[in-house]
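Notes for the structure review
This is what each chain is made of:
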Amino acid sequence: MTNQKPVRVRFAPSPTGRVHLGSARTALYDYLVARQNEGQFILRIEDTDRKRYVEGAEEELINGLKWLGVQWDEGPDIGGPYGPYRQSERKEIYQEYAQKLIDSGHAYPCFCTSERISAVREEQQKNKINPHYDGLCRKVSLEEAKERVANGERHVVRFKTPKDGATTVTDLVRGDITIENKQLDDAIIVKSDGWALYHLAAMVDDHLMKISHVIRGSEWLPTFPLHSMLYRAFGWEEPIWIHLSVFLKPSGKGKMSKREAQELNKTGHSIFVQDMEELGYLPEGIINWISLMGWSLDDHTEFFSLDNLIRDFDLNRLNPSPAAINFSKLDHFNGLHIRNLSIDDLADRLLPVFIKAGCQADLDKVKKITPIIQERLVTLDDCIEKAGFLFKDEVSYAPEFLIAKGLDPATSLEILNNCIEILKPLPEISAATAEQPMRDYVERSGYKAGQVFGILRNASTGQTVTPPLFETLEIIGRDKVMERLINARGILTKYTKIEGPGFIK
Ligand code: GLU
């Protein structure tokens, strides 16, 4: 770190919508920087725009970040020495600082009506000039302005942007950015209702909250010079500025938009953290995925836990290039992290998924199932497709289901019979007890393993695909397996009598 100040970073979302992976990534990077520098991570809710305020958004945000494991040290829910941490509770602070800027000649009240602003714009457009405020109220003297404000005249406060020269601002990832001052407008920093806009409110808060690194989305790059200028106008030391890369649509063509996000939901994918949780993704998988959307350690390391990230993450290795959202990568990482969990941990997470799907599951049984499906899960929800059948008391199938590929009913029945004979004497059916005798039978009989095990599998589980067969049979239990096999034999015997033993469909 070039900056010697204690590390204090903040995640400053506006509660205007749902928590998507862009916000999750910013919060994650903040968290990592704080943890690796023994600094503080602050959650600040930027809720001054009451028109865009969404009820419940703050709660979703807090729950989503907690679920991801990205915990803050100061915030509206836990307090801290620099509160309040909700901007709606800091109105007077912003007014005080706006006044300071006015008094020092860096800002001015602007009394222009919206009608006048529109007329100026129209004129500028007609003359092919970029629309901007023409500076009429810059010329009003401070005394006159004060008097008009005291008389209650409706006004906004604008920042007095220098009109000559150029300003250079520095982003840690992108280096120096220089902009001609004449390209900058006199931005509004306080609205006519007295509420500060982001430009002022966030800068004041970042300063007062002693933020050392501002990590935020690249949508703030266009107004970045204004933000630097505000710091300089106050005479404050600037934080280290970091603007993260944008996310592109999965196709790689174009920025990820709100509408696009809604479209995605129809395809079974989502960029919203809460949805991802519901789809059965692990926080560990999501963290790993988003950590690499804009950062890399090297050109080959891709498996990261939160602890590894705290060790390895490096702001100097951020990549400013846009990153396309790649859901197969998410699946890949999620699978890796599922396989990385202990059986007990994974079982704990699978239990509620089974229960939600209506299975009569208990932790003991799920602990038995977990090892045989762990390798095969991409999301937690996959456990239903892979092992939901293990909770069914009964299986049902048509006779054809018991006939092996390339064999007739009579031969399939003969195989089924032999399976019963081999398994019957065993006190329990497991890989250790049943696999070898069954393989010996395959050898002796000359039938293919796929045919013999297929019949055994279909008859005893009612499925054509299962986790490893003998482990599956062990979970179903000897008695139930035998009962199903005998029942299947009845079905196939009846069928053979009706259709004839050599009948092949
Ligand atoms: N409230 C702003 C947003 O949600 C915060 C930007 C920042 O991190 O400074 O986009």
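An account of the accompanying structure is given in this report. Remember, it's a predicted structure, so these values are computed and weren't measured experimentally.

What follows concerns the packing of aromatic side chains. In this structure the tally under the stated criterion is 15 aromatic pairs. Between Tyr29 and Phe313, the aromatic rings sit 4.7 Å apart at their centres with planes inclined by 35°, giving tilted as the arrangement. With Tyr29 in helix α1 (residues 21-36) and Phe313 in the loop between α11 (306-312) and β11 (323-324), the pair connects residues that are 284 residues apart, well separated along the chain. Taking the relative accessible area as the measure of exposure, Tyr29 reaches 0% and is therefore buried.

For the rest of this paragraph, the subject is helix α14 (residues 363-373). Of the residues making up α14, those classed as buried are Val366, Ile369, Thr370, Ile372 and Ile373. Elements in contact with the buried residues of α14: α13 (343-356), α15 (382-387) and α19 (469-476). Put simply, Asp362 is the residue that caps the front of α14, since its side-chain oxygen is 3.1 Å from the backbone nitrogen of Asp364.

Moving on: the pairing of strand β5 (residues 166-171). What you see with β5 is a clean split: Thr167, Val169 and Asp171 sit on the buried side and Ala166, Thr168 and Thr170 on the side with no burial. Sheet topology note: the β5/strand β6 (residues 175-180) ladder contains six bridges and is antiparallel. Bridging across to β6, Asp171 finds its partner in Gly175. Between the antiparallel neighbours β5 and β6 lie three residues.

This part takes up the state of the cysteines. In a disulfide, the sulfur atoms of two cysteines are held together by a covalent bond. Taken as a whole and assessed by the stated rule, the structure comprises zero disulfides. Here Cys110 stays free of any disulfide, with the sulfur of Cys112 as its closest cysteine sulfur at 3.9 Å. Cys383 takes part in no disulfide bond, and the closest cysteine sulfur to it belongs to Cys359, at a distance of 7.5 Å. A residue is classified by how much of its surface remains accessible, and Cys383, at 0% relative accessible area, is buried.

Further remarks concern the site of the ligand. In the vicinity of the ligand, the contacting residues are Arg10, Ala12, Pro13, Ser14, Glu46, Tyr198, Arg216 and Trp220. At a separation of 2.8 Å, a nitrogen atom of the ligand approaches a polar side-chain atom of Ser14. Separating an oxygen atom of the ligand from a side-chain N or O atom of Trp220 is a distance of 3.5 Å. Starting from 300 Å² of accessible surface for the ligand in isolation, the protein chains cover 82%. The site holding the ligand turns out to be the largest pocket. In terms of residue class, the shell around the ligand is built from four nonpolar, one polar and three charged.

Ordered by their spatial adjacency, three strands build an open sheet running β3-β4-β7, and the pairing between neighbours is antiparallel. Of all the strands in the sheet, the pair left with one neighbour each is β3 (107-110) and β7 (188-190). Taking the axes of each pair of neighbouring strands and ignoring which way they run, one obtains an average angle of 45° across the sheet. The pairing of β3 with strand β4 (residues 156-159) spans four bridges and is antiparallel. Its bridge partner lying in β4, Ala107 is registered against Phe159. Of the strands in this sheet, β3, β4 and β7 are in contact with helix α3 (residues 91-103), which crosses β3 at around 105°.

Our focus in this paragraph is the side chain of Thr472. Tracing the backbone shows Thr472 in helix α19. Judged by its relative accessible area of 0%, Thr472 is buried. Ignoring sequence-local partners within four residues, the contact set of Thr472 consists of Ile372, Phe389, Leu390, Thr461, Thr466 and Pro467.

All right, on to the pattern of salt bridges then. All chains considered together, the criterion is met by 35 salt bridges. Where Glu60 meets Arg18, a salt bridge forms, and the shortest distance between an N and an O atom there is 3.4 Å. Separated by 42 residues along the polypeptide, Glu60 in helix α2 (residues 57-68) and Arg18 in the loop between β1 (8-11) and α1 bring together distant segments of the chain. A relative accessible area of 16% places Glu60 in the buried class. The exposure class assigned to Arg18 is partly exposed, which follows from its relative accessible area of 31%. Here Glu385 makes a salt bridge to Lys386, at a shortest N to O gap of 3.7 Å. Taking the relative accessible area as the measure of exposure, Glu385 reaches 60% and is therefore exposed. On the basis of relative accessibility, which here comes to 25%, the residue Lys386 falls in the partly exposed class. Because the salt bridges share partners, they merge into one network encompassing Arg10, Arg44, Glu46, Arg90, Asp205 and Asp206.

For any two helices packed against each other, one specifies the crossing angle of their axes together with the interaxial distance. Helix α12 (residues 327-340) packs onto helix α10 (residues 283-291) with a crossing angle of 130° between their chain directions and a minimal axis gap of 8 Å. Here α12 runs oblique to α10, going by the angle between their axes. In the packing of α10 onto α12, the handedness of the crossing is right-handed. Across the interface between the two elements, Glu284, Gly285, Ile286, Asn288 and Trp289 of α10 pack against Phe327, Lys329, Leu330, Phe333, Asn334 and His337 of α12.

About the criteria used
Residues numbered from 1 in each chain as written. Predicted model: local features only at pLDDT ≥ 70, side-chain atom pairs only at ≥ 80, totals over all residues. Heavy atoms only, no water. Phe/Tyr/Trp six-rings, centres within 6.5 Å; stacked < 30°, edge-to-face > 60°. Helix = DSSP H or I, 4+ residues; strand = E, 2+ residues; numbered from the N terminus. Buried < 20%, exposed > 50% of the residue type's maximum accessible area, 1.4 Å probe, protein only. Contact = heavy atoms within 4.5 Å. Polar contact = N/O pair within 3.5 Å; in protein donor to acceptor, adjacent residues only side chain to side chain. Pairing = 2+ DSSP bridges. Disulfide = S-S within 2.5 Å. Near = heavy atom within 4 Å. Areas by Shrake-Rupley, 256 points an atom, 1.4 Å probe, with all protein chains shown as cover. 1 Å grid on protein atoms, 1.4 Å probe; cavity = no way out; pocket = protein on both sides within 12 Å on 5 of 7 lines; lining within 4 Å. Sits in = over half its atoms within 2 Å of the grid points. Nonpolar A, V, L, I, M, F, W, Y, C, P; charged D, E, K, R; others polar. Axes fitted to C-alpha atoms, helices over the stretch in contact; angles between N-to-C directions. Salt bridge = Lys/Arg side-chain N within 4 Å of Asp/Glu carboxyl O. Parallel < 35°, antiparallel > 145°, perpendicular 65-115°, else oblique. Left-handed = near helix turned anticlockwise from the far one by under 90°.

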